[in-house]
Amino acid sequence: MSITDEKAGRQGASRFVWINAPVFVCLLACALVLFTLRQYSIFYYDAAKDEAIAEAQDTIRRVVLDISQTFYSYDSILKSAIAVLEDEAIATLAPDVQDRLLARMVVQFPYVRSIVVLTPSGTVRNSSISGTPAQDDYGGSDFFREQVSGALVGPYMALFSREGLKGLEYQVAISRRITYAGQFRGVAVVFVRLRDFRDQFTNINIGGGNTLVLVHDSGQILTRKPSRDGLGDFGTAVSPSKLARLQRTSEGSYFDVSRLDGRQRLFVFQRVPEWPLMLVVGTPVDAIDAEWRQRIAIAGSASALSCFALAVLGFRLRRERIKRAEAEAALEQLSVTDFLTGLANRRRFDEVVQREFRRAVRTDGWLSVVIIDADHFKALNDRFGHSAGDETLKMIAAAISSCARRASDLGARLGGEEFAIVLPDTSAAAAYELTERIRRTMEAHAFNPDGPPATTLSAGIASTKDRPAPESVRALIEAADQALYRAKNAGRNRTELAASLTVSAA
């Protein structure tokens, strides 16, 4: 590739970039808009998630506070019962009197089913329910074994079931160890019916579509709102993986599919302080997404309109630049084109012949230049007028264009009735043959009595490989001019070579 070709390639690339720059800028702006929309989407989705977590945590705090207060009230009954029964005056009373005292204490707490005081062996010593068989044995129960071990200091909660009038009855047992003078004296237990415990959840406002679950450390659900069975789903086991997740930290959140209704939910959980319970609130993901989708729909519409407007603007600017480039190219073409004949003008001829001469010298290639002059053109003008002369010049230009057809060939009008042809990679012999075709074409017009006025042509040819070789563009053109003068002096209507070689030798 020549330096000229490289320069033309660079100019073409620069023109392409200049024309399409508005489109590139607008596309970049659209990409920036879409990136901003994506960041906006992420930000507001995280904000919606954080808001849902905050609302769930607020619900949990309220419910945890209620649960803690409820269980602390149960524990306060135990402490009061233990203190009353350890009083020396009360201790001397009959067991049925002691039972009635416990019954009066229970009346103050509607959700407490009974208070039972057990002996160190697990049998009933006192009960708030009259007629409780003394032989009832709780020695094998979980809460009794835990209190006997002495590992606990404080209350212990366990799930407890026993046969009632209506079948198996589930209860929550809250117990405390009784010690006197450092010795184990038994266990005090408060029994709360599970259904009564569940009723405390019914009035809690958890929001539409949300779920509330109270889970024991054993993995059993104490109560759930809403529930499948309508009774709190007591005893339903939580999957081991979910239980492990809940037990790893005291609070947290995660996404999962709810086993209750198969909906994707955001679950927020927190441990109830000092009790083996975990509270879990589930919020549907579609509820979280609702506001986010609305925001993104608005932002997306605005972004789409912005991108469309930018695209329209970019392509309009591109179209205007194309028109401008075409106009500039047309003006540039006019600046190097002869207005009358449509051939290149002298300026264009000088540019091309200098460029091609440098290339021929660099590559040691052929370059031939032909100088052509119309014979007796002044006489034709004087006889037929300038209009006929202009038509003759156009006829000469047409003959040149029809013979010099290669993209690299250049036909030019140097001024008046003088023309030139630049023939890169063309030997003197080949240039001679091409020039002769042009000369014969005009000769046929000149000697046609029925045709328009025309003249014959004289031409001179010089090449870079003539002997001696021209050392400059000026020398090459002067050599062609000298050959033209020889043709004129030899009688006109002929072609002469600058080199002292025969055509066949060339």
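So, how was this worked out
- Residues numbered from 1 in each chain as written.
- Predicted model: local features only at pLDDT ≥ 70, side-chain atom pairs only at ≥ 80, totals over all residues.
- Heavy atoms only, no water.
- Helix = DSSP H or I, 4+ residues; strand = E, 2+ residues; numbered from the N terminus.
- Rg over C-alpha atoms; globule rule 2.2 N^0.38 Å.
- Contact = heavy atoms within 4.5 Å.
- Areas by Shrake-Rupley, 256 points an atom, 1.4 Å probe, with all protein chains shown as cover.
- pLDDT = per-residue confidence, 0-100.
- Core = buried A, V, L, I, M, F, W, Y, C linked by side-chain atoms within 4.5 Å.
- Buried < 20%, exposed > 50% of the residue type's maximum accessible area, 1.4 Å probe, protein only.
- Arc of directions from axis to C-beta.
- Phe/Tyr/Trp six-rings, centres within 6.5 Å; stacked < 30°, edge-to-face > 60°.
- 1 Å grid on protein atoms, 1.4 Å probe; cavity = no way out; pocket = protein on both sides within 12 Å on 5 of 7 lines; lining within 4 Å.
- Points joined across faces, edges and corners; volume = space filled by probe spheres on them.
- Nonpolar A, V, L, I, M, F, W, Y, C, P; charged D, E, K, R; others polar.
- Salt bridge = Lys/Arg side-chain N within 4 Å of Asp/Glu carboxyl O.

## Quick look at the overall build of the protein chain
Right, on to step 1. Of the regular secondary structure elements, the protein chain holds twelve helices and 15 strands.
Right, on to step 2. Whereas a compact globule of 506 residues would reach a radius of gyration of roughly 23 Å, the protein chain reaches 55 Å, over 25% beyond that.
Right, on to step 3. Overall, the protein chain is about 165 × 45 × 35 Å in size when its C-alpha atoms are taken along their principal axes.
Right, on to step 4. Long-range contacts, defined as pairs at least 24 residues apart, comprise 60% of the intrachain contacts of the protein chain with a sequence gap of at least 6.
Right, on to step 5. A total accessible area of about 27,000 Å² is found for the protein chain, and carbon and sulfur atoms account for 54% of it.

## Some remarks on the confidence of the model for the protein chain
Right, on to step 1. Averaged over all residues, the pLDDT of the protein chain is 83; the fraction at 70 or higher stands at 92%.
Right, on to step 2. In the model of the protein chain, helix 5 (residues 194–202) stands out as the element of lowest mean pLDDT, 70, in contrast to strand 13 (residues 418–424), which has the highest, 96.
Right, on to step 3. Across residues 501–506 the pLDDT falls below 50, and counting only partners more than four positions away or on other chains, this stretch makes six contacts in the model.

## Things to note about the nonpolar core
Right, on to step 1. Grouped together as the largest cluster of nonpolar side chains are 45 residues, with contacts concentrated most on Ile 67, Phe 71, Leu 277 and Leu 279.
Right, on to step 2. Ranked by the residues each element gives to this core, the list is headed by helix 1 (residues 3–86), at 15 residues.
Right, on to step 3. In this view, Leu 279 contacts Ile 60, Val 63, Val 64, Ile 67, Phe 201, Leu 212, Val 213, Leu 214, Val 268, Phe 269 and Gln 270; residues no more than four positions away in its chain are not counted.
Right, on to step 4. Listed in part, the 26 residues of the second largest apolar core include Met 395, Ala 397, Ala 454 and Ala 459.

## What to know about the side chain of Thr 211
Right, on to step 1. As for its position among the elements, Thr 211 is in strand 6 (residues 211–216).
Right, on to step 2. Look past the residues within four positions of Thr 211 in its chain and what remains in contact with it is Ile 206, Lys 225, Pro 226, Leu 260, Arg 265, Phe 267, Val 280, Val 281 and Gly 282.

## A short note on helix 4 (residues 142–149)
Right, on to step 1. Those residues of helix 4 lying buried are Phe 143, Phe 144 and Gln 147. Looking straight down helix 4, one finds its buried side chains confined to an arc of 100 degrees; they lie on one side.
Right, on to step 2. Among the residues trailing helix 4, Gly 150 stands out with phi positive, at a value near 75 degrees.

## Focus on the packing of aromatic side chains
Right, on to step 1. Applying the stated criterion across every chain yields a total of nine aromatic pairs.
Right, on to step 2. When the ring of Tyr 138 is compared with that of Phe 191, the centres are 5.8 Å apart and the planes differ by 35 degrees; the resulting orientation is tilted. Taken together, the positions of Tyr 138 in the loop between strand 2 (124–127) and helix 4 and Phe 191 in strand 5 (residues 183–193) put the pair 53 residues apart, joining distant regions of the chain. In this pair, the class of Tyr 138 matches that of Phe 191, namely buried.

## So, empty space enclosed by the protein
Right, on to step 1. Per the counting criterion, the structure on display carries three cavities of 30 Å³ or more.
Right, on to step 2. For the lining of the largest cavity, the leading source of residues is strand 6, giving three residues.
Right, on to step 3. Among the residues forming the lining of the largest cavity, the class breakdown is ten nonpolar, four polar and four charged.
Right, on to step 4. Its volume calculated, the second largest cavity comes out at about 40 Å³.

## A short note on unusual backbone geometry
Right, on to step 1. A cis geometry characterises the amide bond from Lys 225 onward to Pro 226, with omega recorded as -10 degrees.
Right, on to step 2. Mapped onto the secondary structure, Pro 226 falls in the loop between strand 7 (221–225) and helix 6 (240–248).
Right, on to step 3. One non-glycine residue with positive phi stands out, namely His 376, at about 55 degrees.
Right, on to step 4. By the element assignment, His 376 lies in the loop between strand 11 (367–374) and helix 9 (377–384).
Right, on to step 5. The phi torsion at Asp 425 lies on the positive side, around 55 degrees, for a residue other than glycine.

## Some points on the pattern of salt bridges
Right, on to step 1. In total, this model carries 23 salt bridges according to the counting rule given.
Right, on to step 2. The salt bridge involving Glu 391 is made with Lys 394; its shortest N-O contact spans 3.7 Å. Here Glu 391 and its partner Lys 394 are both found in helix 10 (residues 386–403), three residues apart, which amounts to about one turn of the helix.

## A short note on helix 6
Right, on to step 1. The set of residues buried in helix 6 consists of Lys 242, Leu 243 and Leu 246. In a view along the axis of helix 6, the buried residues occupy a sector of 100 degrees, so they form one face of it. For helix 6, the exposed residues lying more than 90 degrees away from the buried face are Pro 240, Ser 241 and Arg 248.

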